[in-house]
Amino acid sequence: MGKVIVLDHPLIKHKLTFIRDKNTGSKEFRELVKEVSMLMAYEVTRDLPLEEIEIETPITTTKGQIISGKKLGLIPILRAGLGMVDGMLSILPAAKVGHIGLYRDPETLKPVEYYCKLPYDIEERELILLDPMLATGGSATAAIDFLKEKGCNSIKLVCLIAAPEGIDAVQKAHPDVDIYVASIDEKLNEDAYIVPGLGDAGDRLFGTK
Ligand SMILES: O=P(O)(O)OC[C@H]1O[C@H](OP(=O)(O)OP(=O)(O)O)[C@H](O)[C@@H]1O
Ligand SMILES: O=c1cc[nH]c(=O)[nH]1
Ligand SMILES: [Mg+2]
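Rules used throughout
- Residues numbered from 1 in each chain as written.
- Chains lettered and ligands numbered in written order.
- Predicted model: local features only at pLDDT ≥ 70, side-chain atom pairs only at ≥ 80, totals over all residues.
- Heavy atoms only, no water.
- UniProt positions renumbered as here; feature names shortened; annotations may be inferred.
- Core = buried A, V, L, I, M, F, W, Y, C linked by side-chain atoms within 4.5 Å.
- Buried < 20%, exposed > 50% of the residue type's maximum accessible area, 1.4 Å probe, protein only.
- Helix = DSSP H or I, 4+ residues; strand = E, 2+ residues; numbered from the N terminus.
- Contact = heavy atoms within 4.5 Å.
- Near = heavy atom within 4 Å.
- Polar contact = N/O pair within 3.5 Å; in protein donor to acceptor, adjacent residues only side chain to side chain.
- Areas by Shrake-Rupley, 256 points an atom, 1.4 Å probe, with all protein chains shown as cover.
- Pairing = 2+ DSSP bridges.
- Nonpolar A, V, L, I, M, F, W, Y, C, P; charged D, E, K, R; others polar.

- The protein chain is annotated in an unreviewed UniProt entry as Uracil phosphoribosyltransferase of Keratinibaculum paraultunense.
- Word for word, the UniProt comment on the protein chain under Sequence similarities (unreviewed entry) is "Belongs to the UPRTase family."

Given below as structure tokens:
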């Protein structure tokens, strides 16, 4: 079973409170999502392998550790996942970015794919799948299905807010995928929105409602 890691650092909790607040406008919402994503990158990359190299300080020769050539890929699920890319890239500037466009049909709640562009060597990369909201889990599960069909076998899912239902769905479908979240909320409402949640992440990021 995949692990669920709740990143409940005080800085993340503080910023998430203002992200949730309906009076926070798009500009501030975008800035806060970027900042929280940057903080989450720190913990999501905790297990990156290191290698030892020799360097010279102004005083002497010594050994130091550097990240050992791991190839990373950031995969935002459009649209809302885009809000998490810049924060992650500020910590992981060498990562390549692939885009998967999915929207959740409001009637069926099933994900509908409308775009995909991935790095050519996607199957060799350790992937970090980005979406602020994990509600029913349909979108994340479909994106992971798709990435696995392309040969990817190292995937982490990073979300700001998850419903228990979404976590269960991803864990059942993809027990090899660890899930990093800033908060596990209470439940889904009758429209499958997360409660208390933050509303529609895509609309709040891009001001479309
Ligand atoms: O877990 P699920 O039940 O699948 O719901 C979560 C999905 O819904 C939202 O996307 P939305 O369909 O609103 O598209 P958008 O990002 O373009 O707004 C959100 O960003 C997730 O991708
Ligand atoms: O609460 C929710 C559920 C799905 N998508 C969102 O943006 N928010
Ligand atoms: Mg949306």
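## Comments concerning the nonpolar core
Link 1 in the chain: Ranked by size, the top nonpolar core spans 36 residues in total, and within it Ile-19, Met-40, Met-88, Ile-128, Leu-130, Val-158 and Leu-160 carry the most contacts.
Link 2 in the chain: Counting residues per element, the ones that place at least two in this core are helix H1 (10–20), helix H2 (26–44), strand E4 (72–78), helix H3 (85–91), strand E8 (126–130), strand E10 (155–162), strand E11 (178–184) and helix H6 (201–206).
Link 3 in the chain: Among the elements that line this core, the one with the most residues is H2, at 7 residues.
Link 4 in the chain: Formed by 24 residues, the second largest nonpolar core is a distinct cluster that contains Ile-75, Leu-118, Ala-140 and Ile-155.

## Some thoughts on the UniProt feature "binding site: 5-phospho-alpha-D-ribose 1-diphosphate" (unreviewed entry) in the protein chain
Link 1 in the chain: As annotated by UniProt and renumbered to match this structure, "binding site: 5-phospho-alpha-D-ribose 1-diphosphate" (unreviewed entry) occupies Arg-79, Arg-104, Asp-131, Pro-132, Met-133, Leu-134, Ala-135, Thr-136, Gly-137, Gly-138, Ser-139 and Asp-200.
Link 2 in the chain: You can see Pro-132 is positioned in the loop between E8 and strand E9 (133–134).
Link 3 in the chain: Its relative accessible area of 2% is what places Pro-132 among the buried residues.
Link 4 in the chain: Mapped onto the secondary structure, Ser-139 falls in helix H4 (residues 138–149).
Link 5 in the chain: For Ser-139, a relative accessible area of 18% corresponds to the buried category.
Link 6 in the chain: Sequence-distant contacts of Ser-139, defined by excluding residues within four places in its chain, comprise Ile-77, Leu-102 and Pro-111.

## Re the site of ligand 1
Link 1 in the chain: Around ligand 1 sit 15 residues in total, of which Arg-79, Arg-104, Asp-131, Thr-136 and Ser-139 are the nearest.
Link 2 in the chain: Between ligand 1 and Ala-135, the relevant distance is 2.9 Å, taken from an oxygen atom to a main-chain nitrogen or oxygen of the residue.
Link 3 in the chain: At 2.6 Å from an oxygen atom of ligand 1 is found a side-chain nitrogen or oxygen belonging to Ser-139.
Link 4 in the chain: Out of a free accessible area of 500 Å², ligand 1 has 91% covered by protein chains.
Link 5 in the chain: For the shell around ligand 1, the elements supplying multiple residues, two or more each, are strand E6 (99–104), E9 and H4.

## A short note on the pairing of strand E2 (residues 50–56)
Link 1 in the chain: Note that E2 and strand E3 (residues 61–67) share 7 bridges and pair antiparallel. Pairing of Leu-50 across the sheet is with Ile-67, part of E3.
Link 2 in the chain: In sequence, E2 turns back onto E3 through a hairpin of 4 residues.

## Regarding the site of ligand 2
Link 1 in the chain: Taken together, Arg-104, Met-133, Ala-135, Ala-192, Tyr-193, Ile-194, Gly-199, Asp-200 and Ala-201 make up all the residues around ligand 2.
Link 2 in the chain: Ile-194 places a main-chain nitrogen or oxygen 2.8 Å from an oxygen atom of ligand 2.
Link 3 in the chain: A distance of 2.9 Å is found between an oxygen atom of ligand 2 and a backbone nitrogen or oxygen belonging to Ala-201.
Link 4 in the chain: In the complex, 88% of the free accessible area of ligand 2, which totals 230 Å², lies under the protein chains.
Link 5 in the chain: Within the shell around ligand 2, the residues separate by chemical class into 6 nonpolar, 1 polar and 2 charged.

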